[in-house]
Amino acid sequence: EEQMQQTRLRILEAVTRLFGDPAAEEVTIPAVARAARVSLRTVYRYFPTREALIDAWAEWVDETLRIQLHSYPEDADRLPEFTRDLYRSYDESEALVKAMLGATAARTIRARTRRRRQRAFHGAMDSVLEGLAPEERRRALAAVYLLVSAPGWQAMKDQWGLDGEEAGKAAAWAVAVLLDELSRNPNSIKDKGGA
């Protein structure tokens, strides 16, 4: 039983490596078997079709990243600290997060969990956005949400060479500045005709 679980995990980890490899053209069962160093028959024993393999990988990613994807704090004051912790956790699961961000098949995971994440995020931000018009709320939410996300983490790593710790500090600072500005001067988010 334990060996079966280990083999299944090796196969799923191979899918992650292939999705994370920009040189990999397509994730096929033969490519997964080679990457996992198991026979083709072994992969088919666990996953009878490519769709079953991708679905199982999506569920495994969802479960593995559940804490990072679903645990926004209940109030905005805790978002900067949460951001630092989130970026650190993305570093710990870097291959998986990058595969999730880059793989077309992973879009279903992100789409499936996006509403839950956004609802939790909206709840945390509600007190800060009180009194703003819908379009202003949406702009403020989008700006802060980007900083508290895997794409924000990836951009800071790939474009600026920051590790998760440093990227987390930068994002947490930016989140704190935006929250402070929204609290002190909510009108700053209003469209001022190109200002």
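These numbers were taken from a predicted model, which means no experiment stands behind them. (Residues numbered from 1 in each chain as written. Predicted model: local features only at pLDDT ≥ 70, side-chain atom pairs only at ≥ 80, totals over all residues. Heavy atoms only, no water.)

**Here we look at the overall build of the protein**
Definition in use: Numbering of helices and strands runs from the N terminus, with a helix taken as a DSSP run of H or I at least four residues long and a strand as a DSSP run of E at least two residues long. The buried label applies to any residue whose accessible area, calculated with a 1.4 Å probe on protein chains only, is under 20% of its type's maximum; exposed applies above 50%, and partly exposed to all values in between. By definition in these notes, contact holds between two residues if any of their heavy atoms fall within 4.5 Å.
Check the secondary structure of the protein and you find eleven helices and zero strands. What you see in the protein, going N to C, is helices and strands ordered as α-α-α-α-α-α-α-α-α-α-α. The principal-axis extents of the C-alpha atoms in the protein amount to approximately 65 × 35 × 30 Å. Taking all 195 residues of the protein together, the buried fraction comes to 42%. Residue pairs at least 24 apart in sequence account for 70% of intrachain contacts in the protein once pairs closer than 6 positions are excluded.

**Details of the packing of aromatic side chains**
Our working rule: In this analysis, rings of Phe, Tyr and Trp, with Trp reduced to its six-membered ring, are considered paired at centre separations within 6.5 Å, and the interplanar angle assigns stacked below 30 degrees, edge-to-face beyond 60, and tilted for intermediate values.
Taken as a whole and assessed by the stated rule, the structure comprises eight aromatic pairs. Ring centres of Phe 19 and Trp 57 lie 4.7 Å apart, and the angle between their planes is 55 degrees; this geometry places the pair in the tilted category. Residue Phe 19 is found in helix 1 (residues 2-20), and its partner Trp 57 is found in helix 4 (residues 50-64); the two are separated by 38 residues along the sequence. By relative accessible area, which is 15% here, Phe 19 ends up buried. Connected via pairs of aromatic rings, a cluster forms that spans Tyr 72, Phe 82, Phe 121 and Tyr 145.

**Description of the pattern of salt bridges**
Stated formally: A pairing counts as a salt bridge when a side-chain nitrogen of Lys or Arg comes within 4 Å of a carboxyl oxygen of Asp or Glu.
By the definition in use, this model includes eleven salt bridges. Of the charged contacts, one joins Lys 98 and Asp 158 as a salt bridge, the two residues approaching to 3.3 Å between their closest N and O atoms. Taken together, the positions of Lys 98 in helix 7 (residues 94-102) and Asp 158 in helix 10 (residues 150-160) put the pair 60 residues apart, joining distant regions of the chain. According to the relative accessible area criterion, Asp 158 is partly exposed, its value standing at 45%. A network of salt bridges, in which partner residues are shared, links Asp 91, Glu 94, Lys 98, Lys 157 and Asp 158.

**Points about helix 6 (residues 79-92)**
Where we set the bar: Helix span is expected to be 1.5 Å times the residue number reduced by one.
Taking 1.5 Å per residue as the helical rise, helix 6 with its 14 residues ought to reach 20 Å, and the 20 Å between its terminal C-alpha atoms agrees with that figure. Looking at helix 6, one finds that the buried residues are Leu 79, Pro 80, Phe 82, Thr 83, Leu 86, Tyr 87, Ser 89 and Tyr 90.

**A look at the environment of Val 177**
Tracing the backbone shows Val 177 in helix 11 (residues 164-184). The class for Val 177 is partly exposed, based on a relative accessible area of 41%. In the structure, Val 177 is positioned 97 residues away from Pro 80 in sequence and 9.5 Å away in space, judged by C-alpha atoms.

**Description of the confidence of the model for the protein**
The condition that has to hold: Per-residue confidence from the predictor is given as pLDDT, running between 0 and 100.
Considering every residue of the protein, the mean pLDDT works out to 87; 91% of them sit at 70 or more. The lowest-confidence element of the protein is helix 5 (residues 66-70), averaging 54 in pLDDT; the highest-confidence one is helix 3 (residues 40-46), averaging 96.

**Some points on unusual backbone geometry**
It is generally the case that most residues other than glycine have a negative phi and that most peptide bonds are trans. The residue Arg 37 is not glycine, and still its phi comes out positive at about 60 degrees. Along the chain, Arg 37 turns up in the loop between helix 2 (29-36) and helix 3. Taking relative accessible area as the criterion, Arg 37 reaches 75% and is therefore assigned exposed.

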